[in-house]
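This is what each chain is made of:
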Protein chains: 2
Amino acid sequence: MPEPRSGSRPTLEAVAALAGVSRATVSRVVNGGDGVRPHLADRVQTAIQELGYIPNHAARTLVTRRTGAVAVIIPEPEARIFSDPFFSRQIRGISKELTAHDTQLVLLLVEDHCDYDRIERYLAGGHVDGALAFSLHTDDPLPAIASRLGMPTVYGGRPGWTAGPGDEDRVTYVDADNREGAREAVRHLLGQGRRRIAHICGPLDQTSAADRLSGYHDVLPAAGPELVAVGDFTAAGGAHAMAELLDRDPSIDAVFAGNDLMATGALRVLRERGRTVPGDVAVVGFDDAEPVAESADPPLTTVRQDIEGMGRMMARLLMERLGDGREGRNVPGPVITETALVRRASA
Amino acid sequence: MPEPRSGSRPTLEAVAALAGVSRATVSRVVNGGDGVRPHLADRVQTAIQELGYIPNHAARTLVTRRTGAVAVIIPEPEARIFSDPFFSRQIRGISKELTAHDTQLVLLLVEDHCDYDRIERYLAGGHVDGALAFSLHTDDPLPAIASRLGMPTVYGGRPGWTAGPGDEDRVTYVDADNREGAREAVRHLLGQGRRRIAHICGPLDQTSAADRLSGYHDVLPAAGPELVAVGDFTAAGGAHAMAELLDRDPSIDAVFAGNDLMATGALRVLRERGRTVPGDVAVVGFDDAEPVAESADPPLTTVRQDIEGMGRMMARLLMERLGDGREGRNVPGPVITETALVRRASA
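None of these values were measured; they are calculated from a predicted model.

Caption draft 1: Region of interest: the pattern of salt bridges. Residues and elements named next belong to chain A. Enumeration over the complete set of coordinates arrives at 46 salt bridges over all chains. The salt bridge partner of Arg187 is Glu180, with a shortest N-O separation of 3.4 Å. Its relative accessible area of 27% is what places Glu180 among the partly exposed residues.

This is the structure in structure tokens:
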């Protein structure tokens, strides 16, 4: 900060004077209290309370090497982050868990790859203890940056990249069982007698999209490429893909969309083309993040993933990894959470 | 960070060795190059490029007293931040301006007042150069924290608080002309022959809500309290207030809502009660942040404020205030931006 700190802020010296102990004793209490006799520690705590003293964490960081803050990095345009409830849900889960650990969530926005120079400088500056990152694409520079900086990082979503040789074993991530979730969606459509089942997949440089496409093909190995269109996980992308599919094959009687937003775009195009849902075409989405699936017209049958729970789990794994500062090299394996089909009117 | 930095990260010493200069010379180049002969500076820059050296900003901060980062603090529940496009617009404007200044945006979420202890510690830790805060309520502890820490801060919205004696003159803020915008909305409804014009106002511990209510009363000084209901800037709050108003006075023929989300809630209740819009009841909102007003049914006449522009202006004023580190005491006055009525089908 360019301005000198206000003179009215209580200092370490003031705490020491009020408690009648040395500066070193106050410092030891502030940094965990090791080796301070209990009655002295009590006197220091009372003086801290009385003066409203706030430890200088820049100095504290030099001792504990901790900032009490964690970065959350989402390499998606801010317009997507604020329009797809998936992101707010994941952040909500992360926020709850970090708050329970009295740790500050620091959200860093990444509009495009150019921003990474600045983000690398910020991460290198020692302002956070670790990072949580999700919605990465295969060409994302973040894993290499985190690896270079030795920054403890937990990812949301199976990595589609490796930051270096042997890196797979050092990456902790949380994901839903996207492939099995997709299989269940397609089996449900088959079970309802649908025979021309199309798939609108997300961007294939994201493993969530690729894994859901694999699940579709697991159940329908004979489905040709004319039944698959690529969207971008937005409603507009889903609408565009739906129009493309209907142009290619007007006999389509079901669509499995890779997320709920794309499914709402598909619903709009089906309505514009005079197709009833689920009468003419059944539609299944993926996510079940409020309010999209429930408030769609008709409400969407979808594959629910526990988005908030995954966020909490990411934060918990990072907190475990940070441990007490001595277990920093403990890298837990991935956590894969189950999905569940939620049946509503659209299929 | 709990892990020692990876041994493979290039050090200042490595740069000095490769460039054939002293550590002090490298340090001077990294911190701006004052007093370093150009050919030596070139050699250092080349070595930095070659090794991919990243300066230790913790150390650099001790020299320049700058982190290159700015906190954005929004004391609203995360559910509101992600559902009202006002917030993403403001953040977009801030983000664009900070990016233009190669400054990192650090978003800090505040779920409730308990979070402020942690936020104060983070701000006190020297991890950001300044702060931008918006959507404050009158009892918000942030202004006092910023004042105590001497943290350069620019606010979005006219302050409804003072952090201390004489503080009014030291507060920089950006706001829309809420009062005149409200007057224009109500005058428009009068001009269309409406005679029982109600107002749904936002929470009155926010000056934006209070100023819009004042504008309503400026034009309709005789309007009684039965024509005003308090919402909370959400669609659900607007619906609740609309129902209350209709119960009190079924002859209402127009509603000015304090923001677009509350207006959409009002539209829903009017539809449920069999009132046509604008036939039976005309509705005007406030904000015009996509997609709410345009995609409402019917599309909303509303008071547009330049939300993104206000965000940019907040960031610009903070950057000016931070200046080159020597003009830190320069506090510019408030900036008030104009509003404009946008006419659509609802009124």
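Caption draft 2: Representation of helix H1 (residues 12–19) of chain A. Residues and elements named next belong to chain A. Where H1 is concerned, the buried positions are Leu12, Val15, Ala16 and Ala19. For H1, the angular spread of buried residues about the axis comes to 100 degrees, placing them on one side. Contact partners of the buried residues in H1: helix H2 (23–30) and helix H3 (38–51). Following H1 by one or two positions, Gly20 adopts a phi angle in the positive range, close to 70 degrees.

Caption draft 3: Geometry of the packing of aromatic side chains. Within the structure shown, the criterion is met by nine aromatic pairs over all chains. Both rings, one in A:Phe82 and one in B:Phe82, keep their centres 4.9 Å apart while their planes meet at 20 degrees; by these two values the pair is stacked. Of this pair, A:Phe82 sits in helix H5 (residues 78–83) while B:Phe82 sits in helix H5 (residues 78–83), placing the two residues on different chains. For A:Phe82, a relative accessible area of 10% translates into the label buried. Relative to A:Phe134, the ring of A:Phe87 lies with its centre 6.1 Å away and its plane at 20 degrees, an arrangement referred to as stacked. Taken together, the residues span a long stretch of sequence, with A:Phe87 in helix H6 (residues 85–100) and A:Phe134 in strand E3 (residues 130–134) at a distance of 47 residues. Comparing A:Phe87 with A:Phe134, the two get one shared label, buried.

Caption draft 4: Main features of the nonpolar core. By size, the foremost hydrophobic cluster in this structure holds 54 residues, and its most contacted members are A:Ile94, A:Leu132, A:Phe134, B:Ile94, B:Leu132 and B:Phe134. Not counting residues up to four positions away in its chain, the partners in contact with A:Ile94 are A:Val72, A:Leu105, A:Leu132, A:Phe134, A:Gly311, A:Arg312, A:Met314 and A:Ala315.

Caption draft 5: Fine view of the pairing of strand E9 (residues 282–287) of chain A. Residues and elements named next belong to chain A. Counting buried positions over the six residues of E9 gives six, a clear majority of the element. Of the two faces of E9, the one holding Ala282, Val284 and Phe286 and the one holding Val283, Gly285 and Asp287 are both buried throughout. Two elements, strand E8 (residues 254–257) and E9, share three bridges in a ladder whose sense is parallel. By the bridge assignment for E9, Ala254 is matched with Ala282. A crossover links E8 with its parallel partner E9, the connecting element being helix H12 (residues 260–272), and its sense is right-handed.

Quick notes on the rules
- Residues numbered from 1 in each chain as written.
- Chains lettered and ligands numbered in written order.
- Predicted model: local features only at pLDDT ≥ 70, side-chain atom pairs only at ≥ 80, totals over all residues.
- Heavy atoms only, no water.
- Salt bridge = Lys/Arg side-chain N within 4 Å of Asp/Glu carboxyl O.
- Buried < 20%, exposed > 50% of the residue type's maximum accessible area, 1.4 Å probe, protein only.
- Helix = DSSP H or I, 4+ residues; strand = E, 2+ residues; numbered from the N terminus.
- Arc of directions from axis to C-beta.
- Contact = heavy atoms within 4.5 Å.
- Phe/Tyr/Trp six-rings, centres within 6.5 Å; stacked < 30°, edge-to-face > 60°.
- Core = buried A, V, L, I, M, F, W, Y, C linked by side-chain atoms within 4.5 Å.
- Pairing = 2+ DSSP bridges.
- Right-handed = clockwise from strand over helix to strand, strands pointing away.

These figures capture arrangement, not role.
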